[in-house]
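Fold and geometry: a report
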Protein chains: 4
Amino acid sequence: MSDKNSKKLWGGRFKSGSSDVTERLSQSIAFDSKLYRQDIRGSKVHAGMLNKMGILSDGEYSDIVKGLDGIEKEIESGSFDFQTSREDIHMNIEATLTERIGDAGKRLHTGRSRNDQVATDVRLYVKDESVKIGALLKDLINLLIDISEKNIDIILPGYTHMQVAQPVRFSHHMMAYAWKFSRDLRRLRSSADAADFLPLGCGALAGVNYKNDREYLRENLGFSDIIMNSMDAVSDRDFVLDFLYFSAVIGTHMSRFCEELILWSTSEFNFIRLSDSVTTGSSIMPQKKNPDVAELIRGKTGRLYGNLFTLLTILKGLPMTYNRDLQEDKEPLFDSIETVGLCLEGMIEMLSGMEIKKDVMKSAVYRNFSTATDLADYLVKKNVPFRESHEISGSIVKFCEEENRDFFTLTLEDLKRFSSVFESDITAILDPACSTERKESAGSTSQSQVLEQIDILKKRIND
Amino acid sequence: MSDKNSKKLWGGRFKSGSSDVTERLSQSIAFDSKLYRQDIRGSKVHAGMLNKMGILSDGEYSDIVKGLDGIEKEIESGSFDFQTSREDIHMNIEATLTERIGDAGKRLHTGRSRNDQVATDVRLYVKDESVKIGALLKDLINLLIDISEKNIDIILPGYTHMQVAQPVRFSHHMMAYAWKFSRDLRRLRSSADAADFLPLGCGALAGVNYKNDREYLRENLGFSDIIMNSMDAVSDRDFVLDFLYFSAVIGTHMSRFCEELILWSTSEFNFIRLSDSVTTGSSIMPQKKNPDVAELIRGKTGRLYGNLFTLLTILKGLPMTYNRDLQEDKEPLFDSIETVGLCLEGMIEMLSGMEIKKDVMKSAVYRNFSTATDLADYLVKKNVPFRESHEISGSIVKFCEEENRDFFTLTLEDLKRFSSVFESDITAILDPACSTERKESAGSTSQSQVLEQIDILKKRIND
Amino acid sequence: MSDKNSKKLWGGRFKSGSSDVTERLSQSIAFDSKLYRQDIRGSKVHAGMLNKMGILSDGEYSDIVKGLDGIEKEIESGSFDFQTSREDIHMNIEATLTERIGDAGKRLHTGRSRNDQVATDVRLYVKDESVKIGALLKDLINLLIDISEKNIDIILPGYTHMQVAQPVRFSHHMMAYAWKFSRDLRRLRSSADAADFLPLGCGALAGVNYKNDREYLRENLGFSDIIMNSMDAVSDRDFVLDFLYFSAVIGTHMSRFCEELILWSTSEFNFIRLSDSVTTGSSIMPQKKNPDVAELIRGKTGRLYGNLFTLLTILKGLPMTYNRDLQEDKEPLFDSIETVGLCLEGMIEMLSGMEIKKDVMKSAVYRNFSTATDLADYLVKKNVPFRESHEISGSIVKFCEEENRDFFTLTLEDLKRFSSVFESDITAILDPACSTERKESAGSTSQSQVLEQIDILKKRIND
Amino acid sequence: MSDKNSKKLWGGRFKSGSSDVTERLSQSIAFDSKLYRQDIRGSKVHAGMLNKMGILSDGEYSDIVKGLDGIEKEIESGSFDFQTSREDIHMNIEATLTERIGDAGKRLHTGRSRNDQVATDVRLYVKDESVKIGALLKDLINLLIDISEKNIDIILPGYTHMQVAQPVRFSHHMMAYAWKFSRDLRRLRSSADAADFLPLGCGALAGVNYKNDREYLRENLGFSDIIMNSMDAVSDRDFVLDFLYFSAVIGTHMSRFCEELILWSTSEFNFIRLSDSVTTGSSIMPQKKNPDVAELIRGKTGRLYGNLFTLLTILKGLPMTYNRDLQEDKEPLFDSIETVGLCLEGMIEMLSGMEIKKDVMKSAVYRNFSTATDLADYLVKKNVPFRESHEISGSIVKFCEEENRDFFTLTLEDLKRFSSVFESDITAILDPACSTERKESAGSTSQSQVLEQIDILKKRIND
C-alpha cells in the first residue's frame, strides 16, 4: 500500500495510491477549512451522544472535547498545521485529534459517516452566516427608513421607461427598495429554515447500526427538527440552492438600486453626490469621480447568478444518494455568502454618505410635463371620458413641444383651444407641488401614505 | 394621425404610427391571452369599486359586468375575435367592451393604469395555477407514500457514487423523493404567498388621483394583503422569480428521479419495467422500448432552468419603475407553469404503472459486498477500533475480489485469518436480509422507521 | 394493439397505447413543423440516392418527388392537415406521402433513421436561417458605417464609469458597435460552419446495412463535409449550442447599445430623438414617448441567455447516443433564431430614424472638464512627471468644482498658482474642439483615424 | 488628503480616503497577481516603444527593463511584497518600480491607461493559457485514437435512450468522443484568435495624445492585429466570453463521457475497471471503490456553466465604455482556465489506466436482441416493405420476451410463423459478430470505416 493511501480513511482495499491530479481534483481543504467551527461543534455533540450511550467512556469524551478545543484555538490563532494530503477539514481535524489523544479519536467516527457529517457542518454554517447577513439586511432596511423619514419633503421625477412620468417623493422611491429588501429578508429566513433540519446520525445513506440518540444531537446542535429519511439526508442540497437563490434575488435588487445611483451620479442627472469613501479616480483622467462601489455591486450580480446556476447544473440528473459531484456545492455557497455580505456593507456605506441634491431634483420635476396625467384627470372630473381626456392632454404636450414651451406658460385661452371645459382652477392642477398630495390612494406617494408605509414596514422588520 | 395609432390607447401625441417590426416586437396577444379570466375578474371588481365610489353609475356598472361576461363566454367558446393590432389581452377586451357598451367601457380605465392592471392579472394567474399544481404535487407525494406502503418488504441496493453501498428498502428510496417533493410543496406555497399582495389601485407608479378603495379590491379579488408602495407594485417581479425558482428546483428533483427510472429500466439494472403507456419504440430498431417520458421530463429541466435565468437576466440592473423589458416575464412564466404541470402528470403516469421486479432487486443486493459495513461494525462491537475494523473489512473484500468469491462462501477459518475476533455469529451479520433491520436510528431504512416517516409525512401533507 | 399505436412507426411490440399525457409530452408537431422545407428537401435527396443505388425504381422515385412537392405546396398554402397523433413533422409528411403513393412512401425510410433524419433537417435549417440573419447583420453594420460617415463632425462626451471622460466623435462611438457586430458575424459564420456537416446516412447510431452513397447526399444537400462517426452524428448538438451562443453574445451587444439609446432618449441626456415608429405612449400619461423597441430588445437578451442555458443543461451528463432529451433542443433554437432576426430588424428601424441632436451633444462635451487629461498631458510635455501632472490637473478640477467654475473661466494667473510651467498656449489645449484631433494614435477618435477604421471594416464586411 | 489615497494613482481631487469596505470590494490583487508575467512583458514592450519615440531615454528604458526583470524574479521566487492597498497587480508592480528607479517608473504610464493595459494583459494571458490547454486537449484526442487502435476488435452494445440498440465497436464509441473533442479544439483556437488583437495604445477610451507606434507594440507582443477602435478596445470582453463558452462546451463533453465511465464502472454494467489512482474508498463502507475523478469532472461542469453565465450577466445592458463591473471578468476566467486544465489532466489519467473488460462487453451485446434491426433489414432485402419488416421484427421480439427466449434459440420454423420469407441464411444475420461488419456506410462502425475515421482525425489534429 502506498504511503499516500495509508494516510487515507479508506485505504484498506486499494493497491496503489491516488495520482497527483486526483489529489488536486479531490482536495477541498483549500476552501472547506471555513467549516472548522461547525465541524468541531458537531464532533463535540456527537461525542457527547456516544458518551451518553456508553460507547465512549467519560474519560474518552473528556479527551475528545479537550483535544477539539485545542485544535479550534490553534486554527483561530493561525498555528494549526493543515495538510493537503488529509483532503478536507474533517480529516485534518480528526487525524490531528487521533495523533494527540489516540484511539478515542478514531472511535469518534462511530455511528456517523462523512456524508452526514459534511451535511451537518454545511447546514450549521448556513444557519450561522444567515444570522449575520440578516442583521446587515435589517441595518440596510432601517437605513432606508431613516433616510426616508429625514427627507420626506423632497420631490423628484418618477420614471417609467426611463421617461419622466409623474412627480414622486424621494422617500417613496427609497421605500420601494426597502420593501424589496424586506422580501429578501423573508427569503433569507426561508433558506435558513430549510437548513434547520438535522442530518447527523443518518450514516452514509441507510441509517446506522447503533441505537443512536438523534434527539440529543438535534437539541444540542440547535436544529429545529430531524431529517426523517437517511437517503434524503445525504443527497439533499435544497437548502444550499435556497441560499443561492436568495443571493441571486437580492443581487437583482441591489443591481437595480446601483444602476440608479450610477445614473443619478452622472453629470446629466446630477441628483446625488456619492462620498469620496465609495468613489475612486482615474489613473489618467484627473477630473473623474467614479462610482466604483455601485458598479462593483452591480457587477457582482453576475457571480450571484452564476453560483446558483452552478449548483442547479450539478444537481441535474444526479442519482441517489451521495455522489462526489456534491462536493462542488461549497465554493459557490461560500462565495455567495461572502459576496452578499460585502455588497450589503457596500450599500450601507454608499447610502450613509450620499448627498441628496434636492434642488436639482426639484427643478427636474418641474420640467417635462410631469403633470400631464393630472391635466387628463382634471378633464375626466369635468366629465370628459378618460380616453378623450388622455388624447386632449397628449395634444397639448405635442403643441408645447413644437412651440418649445412648458405647461406654465400656457394661458387659459391657449388651453381652451384644446377643450372648452378648462377653467381657471387648472393652474393649481398643473403645479407639480400639489400633484403628489392629490395621490390619495393607499400606498401612494402622498406624504401621509409614505409615513403610513414607513410605519408598517418598521413594525414588520423590527418586531 | 395614422390609422394604426388611432387604434392605440396612447396615440394623442404621435405623428406617425408604429412600424411593422415594432408591432411584431411589441405584441403580446399571442401569449397573454391566457390571462383573460384574470383580466375580466379584475375589471369587474375594479368596476364594482368605481361604482361604490360613485364614479360609475349602477347602469354603467351593470353594462360593464354584462359586457365582460359576454366577452369571457366568447373567449371560452373560441368565438372571440382577437386583434393583433390591439397589442395585448387587456386592450383586446377593453376595446371590444367599448365598442359594445360605449363610453362606460372607456371609463373603466379610470383610476388604474396598464402597469397595475397587468401586475394584478399575473398575480391572480400565479395564484390560480399554483392551486392546480399543488394538487398534482400532493397526488404525486401520496402516490409515493402508497407505493412505499404496498412494497414495504422489497429490498434493493442503496448506492453512493453509483456503487453498491448498503442494502435499503425500496420504500425508503421512494420516500426519499417524497420528502424532496414535500419541500417543493413548501416552495410552491411560498411563491403563491409572494403573489398574494394586491397591486391594483397603485396607478402607473405614483398612486392615483382618485380616492379609491383598495381594501374593497383586495377583499373581492381574494388577496391577503395590499402592496403599500405604488412604485414597488409596478416594478416588482419577485413573485414570478419565486415561481420560476420553485419550478427549477422541482425540475432538479424530477430529473434525478427520472435518471434513476431510466437506469433501472436498462437491461443491465432491470429493476423495473415501465408500462407501454409511457414508453415508445424506435422507427428503425424493433426491439426498443424507450423510456421517453422519463427522458423528456429529465430534458425539460433545461427549460425550467432557462426560464429562471431568462427573468433574472431581464431584471439585472433595471431602474425604477416599470420598463417595457418586464413584458418578457410572461412567456417564461407560462412555459414553466405548463411544463411543471405536464411533468407532474407524466411522473404520476409513470409511477402508477411501474412494475417493480423485486427478485432482480433482491439478487442485486446479495452481490457486491453490500454488508461490508456491517462486517466492520461487527468488529467494532468486538472492541476493534473503528478505523482498524474498516481496514480489516476492506482487506476481506479485496481478497474475495481477487479470488472471485462473495461473502457467503467464506468459512469462519477464512475470516479468522483476517482477525481472531470473528466467531460463528458473523454468519447472520453478513446476511443482507438482516442488515436493514439493524438500522435502528431515527430516519433509517428499517421497517419500523420507514413506517414512522410515512406516518409523519402523510400528516404533514394532508392536514 | 391500440388504435393509437397502430398509427405509430414503432408499434409492433407494444400491447397498449400511449397515454394522453405521454402524447402531450412527446408531440413536437406544434413547433417542428417549421422544418418542413428541410425535411422535404432531405427526403427528396435521400430518395434520389436510393434510386441511384437501385433500391427505388425510377417510378417510385418520381412518385416520391411529386408526392413531396405536393405536400410542400399544401403546407405553404396552409391547407395541409397536420395530425398531432403523428407526433412530429417527419411522420406527418411520411404518413401522408404513404397514404397517397403507397408502398414507395414506406420504402423512403430505407437506410435512414429518425435520428440522422432529424439531425440533417436541423442542420439544414440552421444553415438556411444563418444566411438570412447574416444579411440582416451586414445591413446593420453597413447602416452604422453610413451613419458614421454622414455624421463625422459630431462630437459628444465619451464616458467611462458613466462619468464624462474625454471628448469623442459620435462616429467613433457608432463604429465601436459596428466592430462588435462584425465579431458577431464571425461567430455566426463559425456556427453555420459547425452545422455544415452531413449526418444523413448514419442510421440510428451504428451506420446502415446498405451500401449508401453519402457523397451523393452531401453534394446534393450542399454540405461541405460528411460526419465520419455515426455515433457522434446522432448525439452531437454542438452546432445548436454554437448558434445559441452567437445569439447570446449578439444579445449582449444589442442590450448595451439599447441601454445607451434609452439613456440618450431621457430628458436628462437628450442626445437623440427616436422616431414615432419605434416608440409608444402611455395609456395613462399623455406626455410619454417611451423607447419600447429599445427596451424590448434589451429585455429579450434574457431569453437569448435562457435558451443557451436550457440546452447546456439538457446536454450535461447525457450518455451516448441519442436520448429523447435531445428533442428539447428545438424550441430554444427556433426561439433564438426568431428573436435575433426580430431584434436586428428592430435595431435597423430604430437607428434609421434616429434624430441626432448635435448641439445638445456639443454643449455636454464643453461641460464637465472633459479635457482634464489634455491639461495633464500638457504638463507632461513641459517635463512634469506624469503622476505629478495628474495630481495638478486633479487639484484644478477640485478648485473649479468648489468655486463652481469651468476651465474656460480660468486665467493664466489662476493656473500658475497650481504650476509655474503654464503658459498662454494652454488656452487651445483646454478647448474640447481640438482634443479629438490631438488623438493621433491608430484606432483613436481623430477624424482621420475614424475614416481609416471605416475603410477597413467596410472592406472586411463586404468583400 | 488621507494616507490611503495618497498611495493611489488618482488621489489628486479627493478629500477623504476610501472606506474599508470599498477597499475590500475594489481590491483585485488577491486574484489578478496571476497576470504578473503578462503585465511585465507588456510594460517592457511599452517602454521600448516610448524609448523608440524619444519619450524615454536609453538610460530610463534600461532602468525600467532591469527593474521589471528584478520584480519578475522576486514574484516567481515568492519574495515579492504584495500590498493590498495597491489594489491590483499593475499598481503593485508600477509603484515598486518607481520606488526603486524613481521618475522613470512614473513616466512608464505615459501614453497608456489602466483600461488598455488591463485588456492587453488579459488577452496575453488567454493566449498563453490556450496554448497549454490546446496541448492537453491534443494529448487527450491522441490518447483516444491510441485506445481505439489498440482495441479495434472489441464490440459492445450501442445504446439509444439507454436501451441496447445495435452492436458497435468500442473504438467507434471512443472515437465519437475524439470527434467531439476535436471540435473543442476548433473552439479553443477560435477563442484564442478572438484574443489575438492588440488594445495597448488605445488609452482610456479615445486614443492617446502622443504619436505612438502601435505596430511596434503589436509586433513585439506577438499579436496578429490591432484593435482599430479605442472605445471598442476598452469595452470589449467578447474574447473572454469565447473562452468561457469553449470551457462550457468541453465541460458538456467531459460530463457526458464521465457519466458513461461512471455507468460502466457500476457492478451492473461492469464494462470497465478504473485504476486505483483515480478512485477512492469510503470512510465507512470498506468495499467501496468510487469513481471520484469522473464524478468531480462531471460536477465541475457546473462551475464552467456558472462562469459563462456570470460574465454574460455582467455584460448585459452595460453602457460604453469601461465600467468597473468589468473587473469581475477575471475570477470566472481564471477559474475556468484552471478547471478545464485540471479536468483534462483527470480525463487523461482515467483513460490511461482504464481496464476494458471485453468479455463482459461481448456477453452484453449478445443479449437483448441487438440485431433486431438486422432482422428487419433481412426482410426488406427479401422485398418486404420497411414498415412491415419493422413490425414483424417487433413481434418476434415480443414473442421472445414473453417466452423468455433469445434470438439464438429460435428455429426456422419458429420464424416462419412470423413471415414465410425467412430462410436458413437468417442464422448468420442474427449473429451480432457479423452485424458491425455489415455496416458499410461511410462513418459507420465497421472496422474499415473506424480505421478510416481514425486516419482522417489523426491528420486533422496533428498536421
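Residues numbered from 1 in each chain as written. Chains lettered and ligands numbered in written order. Predicted model: local features only at pLDDT ≥ 70, side-chain atom pairs only at ≥ 80, totals over all residues. Heavy atoms only, no water.

**Looking at the environment of N92 of chain D**
Residues and elements named next belong to chain D. You can see N92 is positioned in helix α6 (residues 89-101). Once the C-alpha coordinates of N92 and S57 are considered, the two residues, 35 residues apart in sequence, prove to be 24 Å apart. Contacts of N92, omitting those with residues within four sequence positions, involve I29, F80, D81, F82, Q83 and R86. At 2.8 Å, the side chain of N92 and the backbone nitrogen of Q83 are in polar contact. Polar contacts involving the side chain of N92 include one to the main-chain carbonyl oxygen of D88, which spans 2.9 Å. (Helix = DSSP H or I, 4+ residues; strand = E, 2+ residues; numbered from the N terminus. Contact = heavy atoms within 4.5 Å. Polar contact = N/O pair within 3.5 Å; in protein donor to acceptor, adjacent residues only side chain to side chain.)

**Some thoughts on the packing of aromatic side chains**
Under the counting rule described, the total for this entry stands at 61 aromatic pairs over all chains. Ring plane angle 85° and centroid distance 5.6 Å describe the contact between F269 of chain C and F271 of chain C, whose orientation is recorded as edge-to-face. On the basis of relative accessible area, F271 of chain C is assigned to the buried category, the value being 1%. In this structure an aromatic cluster arises from ring pairing among Y159, F170, W264, F269 and F271 of chain A together with Y159, F170, W264, F269 and F271 of chain C. Sitting above the plane of the F223 of chain A ring, K127 of chain A keeps its charged end 4.7 Å from the centroid. Note that R123 of chain C overlies the ring of F239 of chain C, its terminal NZ or CZ placed 4.1 Å from the centroid. (Phe/Tyr/Trp six-rings, centres within 6.5 Å; stacked < 30°, edge-to-face > 60°. Buried < 20%, exposed > 50% of the residue type's maximum accessible area, 1.4 Å probe, protein only. Lys NZ or Arg CZ within 6 Å of the ring centre and 35° of its normal.)

**Focus on the relation of the copies chain B and chain C**
You can overlay chain B on chain C at an RMSD of 0.0 Å; the transform is a turn of 180° with a shift of 0.0 Å along its axis. What we have between these two chains is a two-fold relation. Identified as the residue of chain B closest to the rotation axis by C-alpha distance is G306 of chain B, at 2.1 Å. Most of the interface of chain B is mirrored in chain C: 100% of its interface residues are interface residues there too. (Least-squares fit on C-alpha atoms with pLDDT ≥ 70 in both.)

**A word on the interface of chain D and chain C**
Taken together, the contact between chain D and chain C spans 112 residues of the former and 115 residues of the latter. Summed over both partners, the interface of chain D with chain C comes to about 9,800 Å²; 53% of that surface belongs to carbon and sulfur atoms. For the chain D face of the interface with chain C, the top three residues by lost area are N209, M228 and R387 of chain D, together amounting to 9%. Joining chain D to chain C, the criterion identifies 18 salt bridges. (Buried area = accessible area lost by both parts, 1.4 Å probe. Salt bridge = Lys/Arg side-chain N within 4 Å of Asp/Glu carboxyl O.)

**Section: the pairing of strand β2 (residues 163-169) of chain D**
Residue and element names in this part refer to chain D. The buried count for β2 comes to seven of seven residues, which makes it a mostly enclosed element. Sheet topology note: the strand β1 (residues 155-160)/β2 ladder contains six bridges and is antiparallel. Note on β2: the bridge partner recorded for G158 is Q166. Between β1 and the antiparallel strand that follows it, β2, lie two residues; H161 among them carries a positive phi value of about 55°. (Pairing = 2+ DSSP bridges.)

**Some details on the interface of chain B and chain C**
On the chain C side, the residues contacting the 62 residues of chain B number 62 residues. For the pairing of chain B and chain C, the buried interface totals around 5,400 Å² over both sides, and the portion due to carbon and sulfur atoms is 60%. Applying the counting rule to chain B against chain C returns 12 salt bridges. In this structure, the connection of chain B to chain C is made through 22 residue pairs in polar contact (both at pLDDT 80 or more). Looking at the side of chain B that touches chain C, the elements that each hand over two or more residues are α2 (20-26), α13 (292-315) and α14 (330-352) of chain B.

**Focus on helix α5 (residues 58-77) of chain D**
Residues and elements named next belong to chain D. With 20 residues, α5 should reach 28 Å at 1.5 Å per residue; the first-to-last C-alpha distance of 29 Å fits that figure. Listed as buried for α5 are I64, V65, G67, L68, I71, E72 and I75. End-on, the buried residues of α5 take up no more than an arc of 165°, which puts them together on one face. Structural note: α5 exposes D58, K66, K73 and S77 on the side pointing more than 90 degrees away from its buried face. (Expected span 1.5 Å × (residues − 1). Arc of directions from axis to C-beta.)

**A short note on the nonpolar core**
Core analysis: the largest hydrophobic core is formed by 501 residues, its most contacted members being L308 of chain A, L308 of chain B, L308 of chain C together with L308 of chain D. Filtering out sequence-adjacent residues up to four positions away, L308 of chain A remains in contact with L241, L244, Y245 and A248 of chain A together with Y245, L308 and L312 of chain B. (Core = buried A, V, L, I, M, F, W, Y, C linked by side-chain atoms within 4.5 Å.)

**Digging into the domain arrangement of chain A**
Where interface size is quoted, it is often the accessible area lost as the parts come together. All names here are of chain A. When the domains of chain A are assigned, the result is domain 1 (17-110), domain 2 (115-212 + 224-362) and domain 3 (366-462). A separation of 37 Å is found between the C-alpha centroids of domain 2 and domain 3. Contacts between domain 2 and domain 3 engage 23 residues on the former and 25 residues on the latter. Carbon and sulfur atoms make up 63% of the surface buried where domain 2 meets domain 3, a total of about 2,100 Å² over both sides. When residues of domain 2 are sorted by the area they lose upon contact with domain 3, P167, R169 and W179 head the list and together hold 28% of the total. With its nearest N and O atoms 2.7 Å apart, the salt bridge here joins K458 to E149. Inspection of the region where domain 2 meets domain 3 yields eight residue pairs in polar contact (both at pLDDT 80 or more). (Domains from an automatic or database assignment.)

**Observations regarding the side chain of Q449 of chain B**
Within the secondary structure layout, Q449 of chain B lies in helix α21 (residues 447-462). Not counting residues up to four positions away in its chain, the partners in contact with Q449 of chain B are M228 of chain A together with E440, S441, A442, G443 and S444 of chain B.

**Observations regarding helix α6 (residues 89-101) of chain A**
With 13 residues, α6 of chain A extends 18 Å from end C-alpha to end C-alpha; this agrees with the ideal 18 Å at 1.5 Å per step. In terms of burial, α6 of chain A is a largely internal element, 10 of the 13 residues being buried. Turning to α6 of chain A, its buried residues are I89, H90, M91, N92, I93, E94, A95, T96, L97 and T98 of chain A. Packed against the buried residues of α6 of chain A are α3 (29-32), α4 (36-52), α5 (58-77), α7 (103-107) and α8 (114-150) of chain A together with α17 (386-403) of chain B.

**Brief notes about the pattern of salt bridges**
In the structure shown here, the tally under the stated rule is 178 salt bridges over all chains. Of the charged contacts in the structure, one is a salt bridge between R417 of chain D and D414 of chain D, with a shortest N-O distance of 2.9 Å. Within the structure, one salt-bridge network assembled from shared partners comprises R123, D232, D236, D238 and D242 of chain A together with K180, R183, D184, R186 and R187 of chain B.

**Comments concerning the packing of helix α13 (residues 292-315) of chain A against helix α13 (residues 292-315) of chain D**
The description of two packed helices rests on the angle between their axes and on the distance between the axes. Following both chains from N to C, one finds α13 of chain A and α13 of chain D inclined at 155°, their axes separated by 7 Å at the closest point. By the criterion of interaxial angle, the relationship of α13 of chain A to α13 of chain D is roughly antiparallel. Of the two possible hands of crossing, α13 of chain A and α13 of chain D adopt the one that is right-handed. From α13 of chain A, G299, T301, G302, R303, Y305, G306, T310, T313 and I314 of chain A reach across to α13 of chain D, where they touch G299, T301, G302, R303, Y305, G306, T310, T313 and I314 of chain D. (Axes fitted to C-alpha atoms, helices over the stretch in contact; angles between N-to-C directions. Parallel < 35°, antiparallel > 145°, perpendicular 65-115°, else oblique. Left-handed = near helix turned anticlockwise from the far one by under 90°.)

**Looking at the confidence of the model for chain A**
Residues and elements named next belong to chain A. Per-residue pLDDT for chain A averages 92, and the proportion of residues at 70 or more is 96%. Taken together, the stretch residues 1-7 has pLDDT below 50 and engages in 18 contacts with residues farther than four places along the chain or on a different chain. Scored by ipTM, the complex comes to 0.94, with pTM at 0.96. (pLDDT = per-residue confidence, 0-100.)

**Section: the side chain of S441 of chain B**
Residue position: S441 of chain B is located in the loop between α20 (432-438) and α21. For S441 of chain B, a relative accessible area of 0% corresponds to the buried category. Of the polar contacts made by the side chain of S441 of chain B, one reaches the backbone nitrogen of V208 of chain A; its length is 3.0 Å. When sequence neighbours within four positions are dropped, the list of residues in contact with S441 of chain B reads G201, G207, V208, Y210 and N212 of chain A together with Q449 of chain B.

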